[in-house]
Amino acid sequence: MQLRSPRARVRPEDVDRAHLLAVNRRRGRAAGESTAGEIRSVALDLFYKHGFQATTLRHIASRVGIQVGSLYNHITSKGELLFDIMETVMLALLEDQRQVAQEPDVVERMRLLVYHHVKFHGERAKEVFIGNSELRSLNRQQRSRIVALRHEYEDMFQKELEDGIRQGKFLPVDVQVTAYGILAMTTWVSSWYSPRGRLSLEEIAEIYSDMVLRGIWNPSAGQLQTHLRRVGRDSARRILAAAGAAK
């Protein structure tokens, strides 16, 4: 006959202690994430106002309200913090592009690319400024990574121009020069846009996207506005069909 091991009795105080430890661990993780987010936010503000070189870890720690040594619980170095800010911006822009790429119409894809680019740069002007002014402050490996991400982002504009030209929707422009011109013009919004201005950021994004499309649209393809209205109707039908299929 096999003897059973006596079951250990679970005392109420043990349950309470385990629950308290679990709660404290969750709070600790949440507090750590909150502190890391605050460090990033403070660093972003200081890099924007004073520049990377003039900002010290002591400045960041003082603004956050922690000791300098405690920063290393959340970051490895000031340079890594700068790199994280710049990489996050590029990854967010590329994610926007991946969403746009799902649109089947090349003209609408270009419109959305310009629209999202303007909105992003108006909403995240500080990060954009840092990305444009502090590339030199990164080490060689970090700089190569950011430059590669930028090239990937720029290539999307060139590919859409090439696609539109092949389909006869866009004029046969110099693709590289036109793509750089579009990006330079729309990125500059980050330097002058103000939420207190006459136009909303959405209105400005619409103006820019319309201006770009009018500049590259091939008249032999018909009327631009007629094309966009047709695309809008097709998009609405797809949304309705998807909603019906989901029921």
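Residues numbered from 1 in each chain as written. Predicted model: local features only at pLDDT ≥ 70, side-chain atom pairs only at ≥ 80, totals over all residues. Heavy atoms only, no water.

Chemist: Please explain the packing of aromatic side chains as it appears in this structure.
Modeler: Within a pair of aromatic rings, the relevant descriptors are the distance that separates the centres and the angle that separates the planes. Summed over all chains, the structure comprises three aromatic pairs. Seen in terms of ring centroids, Y48 and F129 are 5.3 Å apart; in terms of plane orientation they differ by 80 degrees. Their pairing is edge-to-face. You can see Y48 sitting in helix α1 (residues 12-50) and its partner F129 sitting in helix α6 (residues 125-133), a full 81 residues away along the chain. The class for Y48 is partly exposed, based on a relative accessible area of 35%. Of the residues examined, F129 reaches a relative accessible area of 43% and is grouped as partly exposed. The aromatic ring of F52 is capped on one face by K78, whose charged end is 4.2 Å from the ring centroid. (Phe/Tyr/Trp six-rings, centres within 6.5 Å; stacked < 30°, edge-to-face > 60°. Helix = DSSP H or I, 4+ residues; strand = E, 2+ residues; numbered from the N terminus. Buried < 20%, exposed > 50% of the residue type's maximum accessible area, 1.4 Å probe, protein only. Lys NZ or Arg CZ within 6 Å of the ring centre and 35° of its normal.)

Chemist: Is there a simple way to think about empty space enclosed by the protein in this case?
Modeler: If a probe the size of a water molecule is rolled over the atoms, the empty space left behind becomes visible. Summed over all chains, the structure comprises one cavity of 30 Å³ or more. Looking at the largest cavity, its volume works out to about 40 Å³. Contributing elements (two or more residues each) for the lining of the largest cavity: α4 (78-100) and α5 (106-123). Looking at the lining of the largest cavity residue by residue, the classes come out as five nonpolar, three polar and one charged. (1 Å grid on protein atoms, 1.4 Å probe; cavity = no way out; pocket = protein on both sides within 12 Å on 5 of 7 lines; lining within 4 Å. Points joined across faces, edges and corners; volume = space filled by probe spheres on them. Nonpolar A, V, L, I, M, F, W, Y, C, P; charged D, E, K, R; others polar.)

Chemist: So what exactly am I meant to see when it comes to the nonpolar core here?
Modeler: Across soluble globular proteins, nonpolar side chains have a tendency to be buried as a group. The biggest cluster of nonpolar side chains holds 36 residues, and the ones touching the most others in it are V107, M110, V114, V118, F157, F170 and L213. Only α4, α5, α7 (140-166), α8 (175-187), α10 (201-216) and α11 (224-246) provide two or more residues apiece to this core. Those residues within four positions of V114 in sequence are excluded, and the remaining contacts are F157, I182, T186, Y208, S209 and V212. Core analysis: the second largest hydrophobic core is formed by 22 residues, L44, L46, L82 and F83 among them. (Core = buried A, V, L, I, M, F, W, Y, C linked by side-chain atoms within 4.5 Å. Contact = heavy atoms within 4.5 Å.)

Chemist: Hey, could you run me through the layout of surface pockets in this one?
Modeler: The computed volume of the largest pocket comes to approximately 370 Å³. Elements with a contribution of two residues or more to the lining of the largest pocket: α4, α5, α6, α7 and α8. Residue composition of the lining of the largest pocket, grouped by class: twelve nonpolar, five polar and three charged. Roughly 220 Å³ of internal volume is contained in the second largest pocket. What lines the second largest pocket is Y48, A125, K126, F129, N132, S133, T187, W188, S190 and S191. When residues in the lining of the second largest pocket are grouped by element, the largest group, five residues, is from α6. Split into classes, the residues belonging to the lining of the second largest pocket amount to four nonpolar, five polar and one charged.

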